[in-house]
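Structure assessment
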Amino acid sequence: MGNAQMDYSSTCEAPGGFDFGELQSDEWAHPTPNSRMTSPFGPRACPLASCAGTPFLLKHEGIDLAGSDPYFYAPTDMKITYASRGNLDELYGSYGKYIFAQMTEAPYLVFEFHEAQDNSLLVKTGDVVKKGTPLGKPGATGNSSGIHVHFQINNPKTSVFDRPAINNGKTYDPVPILRQQKVNIQ
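The residue numbers shown here count from 1 along each chain, following its written sequence. Per-residue local features of the predicted model are confined to residues with pLDDT of at least 70, and side-chain atom pairs are confined, for both listing and counting, to 80 or more; whole-chain, interface and lining totals are unaffected and use all residues. Just so you know, side-chain values use all the structure's heavy atoms and leave hydrogens and water out.

This part is about the overall build of the protein chain. The helix count covers DSSP runs of H or I at least four residues long, the strand count covers runs of E at least two residues long, and both are numbered beginning at the N terminus. Helix and strand counts for the protein chain come out as three helices and 12 strands. In the protein chain, the share of contacts with a sequence separation of at least 24, taken over all contacts with a separation of at least 6, comes to 67%. Working note: accessible area of the protein chain is about 9,100 Å², and carbon and sulfur atoms make up 50% of it. The criterion used for residue contact is that any of the two residues' heavy atoms lie within 4.5 Å. Computed by Shrake-Rupley with a 1.4 Å probe, the accessible areas treat only the displayed protein chains as cover when residues are assessed.

If you want it as structure tokens, here you go:
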């Protein structure tokens with residue numbers, strides 16, 4: 001099933017038949033222009049010396065993009081549902097500086113951006129931003145081994161309003177969705 005969305009679906013439909021609604025091609029901006037993908041979505045080797053007690057690290061729930069512009073950007077119009085406060089956050093050790101956001105229009109996909117540079121976020125919780133708005137700078141905070149941005153797309157039903165959480169199993173491979181939007185991911 002991991003390759004079904006990208007390799008076997010001409011419409012980029014997600015496995016399980018999720019309907020992306022009125023999502024039209026060319027509606028999105030590249031979240032990290034001039035970047036390259038350094039870690040794809042799906043199963044992977046343990047990124048640490050040991051994954052004992054953290055088996056969720058064996059499936060990458062988003063993609064890592066490195067070598068980009070000085071900033072990362074909103075791919076579409078969205079509301080910032082949580083902007084990290086840094087090492088005060090429970091998830092800082094894993095996610096570093098991070099942002100959770102939700103599309104302002106259907107299909108209301110939920111986005112996560114992890115590992116931003118400390119003191120670089122340009123948005124705060126509650127902000128509504130337009131496509132292409134700079135959000136912060138790629139970094140190497142949290143569970144990271146180099147400067148990049150982790151970009152993740154979650155199911156629209158993912159609760160982001162209570163508190164940020166680890167959303168394993170509620171994610172979609174971002175690459176086919178971005179390609180549907182004519183965003184060049186390499």
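Time to look at the pattern of salt bridges. By definition here, a salt bridge exists when the distance from a side-chain nitrogen of Lys or Arg to a carboxyl oxygen of Asp or Glu is within 4 Å. Taken as a whole, this structure holds four salt bridges when the rule is applied. Here Lys59 and Glu61 are joined by a salt bridge, their closest N and O atoms 3.9 Å apart. Here Asp127 and Lys124 are joined by a salt bridge, their closest N and O atoms 3.1 Å apart.

Values of pLDDT, ranging from 0 to 100, describe the predictor's confidence in every residue of the model. On average, residues of the protein chain carry a pLDDT of 82, and 80% of them reach 70 or more. Mean pLDDT values for the elements of the protein chain range from 46 in helix H1 (residues 4-7) up to 98 in strand E9 (residues 128-129).

We now examine the side chain of Glu115. Relative to the elements of secondary structure, Glu115 occurs in strand E8 (residues 110-116). Each residue is assigned to one of three classes by its accessible area relative to the maximum for its type, calculated with a 1.4 Å probe on protein chains only: buried under 20%, partly exposed between the two thresholds, exposed over 50%. Charge counting follows a simple rule: Lys and Arg are positive, Asp and Glu are negative, and His as well as the terminal groups are ignored. In this structure, Glu115 is buried with no salt-bridge partner, the nearest side chain bearing the opposite charge being Arg44 at 7.7 Å. For Glu115, the residues in contact, after removing those within four places along its chain, are Ser94, Tyr95, Lys97, Pro138, Gly139, Ala140, Thr141, Asn143, Ser144, His148 and His150.

Moving on, we come to the pairing of E8. Taken residue by residue, a regular strand's side chains alternate between the two faces of the sheet. In terms of burial, E8 is a largely internal element, seven of the seven residues being buried. In this structure, strand E7 (residues 97-103) lies alongside E8, joined through five bridges in antiparallel fashion. Among the inter-strand pairings, Ile99 is bridged to a residue of E8, identified as Phe113. Paired strands are those between which DSSP finds at least two bridges. Joining the antiparallel neighbours E7 and E8 is a turn of six residues, in which Tyr108 adopts a positive phi near 60 degrees. Two strands pair when backbone bridges link them, and E8 and strand E11 (residues 149-154) are joined in this way by five bridges, in the antiparallel orientation. Opposite Phe111, over in E11, you have Ile153 as the bridge partner.

We now examine the nonpolar core. Residue types Ala, Val, Leu, Ile, Met, Phe, Trp, Tyr and Cys, when buried and joined through side-chain atoms within 4.5 Å, form a set referred to as a nonpolar core. One finds Trp28, Met78, Ile80, Phe111, Phe113 and Leu135 to be the most contacted residues of the largest nonpolar core, which totals 29 residues. Residue assignment for this core shows that the elements contributing at least two residues are strand E4 (63-66), strand E6 (78-83), E7, E8, E11 and helix H3 (174-180). Within the second largest apolar cluster, five residues are counted, among which are Tyr82, Leu91, Tyr95 and Phe100.

Moving on, we come to the packing of aromatic side chains. Each aromatic ring pair is characterised by the separation of its centres together with the angle its planes make. Think of it this way: a Phe, Tyr or Trp ring, Trp meaning its six-membered ring, pairs with another when their centres are within 6.5 Å, and the plane angle makes it stacked under 30 degrees, edge-to-face over 60, tilted otherwise. Scanning the entire structure with this criterion turns up seven aromatic pairs. Between Tyr82 and Tyr98, the ring centres sit 5.8 Å apart and the planes meet at 25 degrees, which makes this aromatic pair stacked. You can see Tyr82 sitting in strand E6 and its partner Tyr98 sitting in strand E7, a full 16 residues away along the chain. Each member of the pair, Tyr82 as well as Tyr98, is classed as buried. Where Phe113 meets Phe151, the ring centres are 5.4 Å apart and the plane angle is 45 degrees; that geometry is what we call tilted. Residue Phe113 is found in strand E8, and its partner Phe151 is found in strand E11; the two are separated by 38 residues along the sequence. Overall, Phe113 belongs to the buried group, its relative accessible area being 1%. The class for Phe151 is buried, based on a relative accessible area of 1%.

Attention now goes to unusual backbone geometry. With an omega of 15 degrees, the peptide bond between Ala106 and Pro107 qualifies as cis. Structurally, Pro107 can be placed in the loop between E7 and E8. With phi around 65 degrees, Asn34 is a residue other than glycine that occupies positive phi space. In this structure, Asn34 sits in the loop between H1 and strand E1 (36-39). Here the phi dihedral of Lys182 falls at roughly 65 degrees; this positive angle occurs in a residue that is not glycine.

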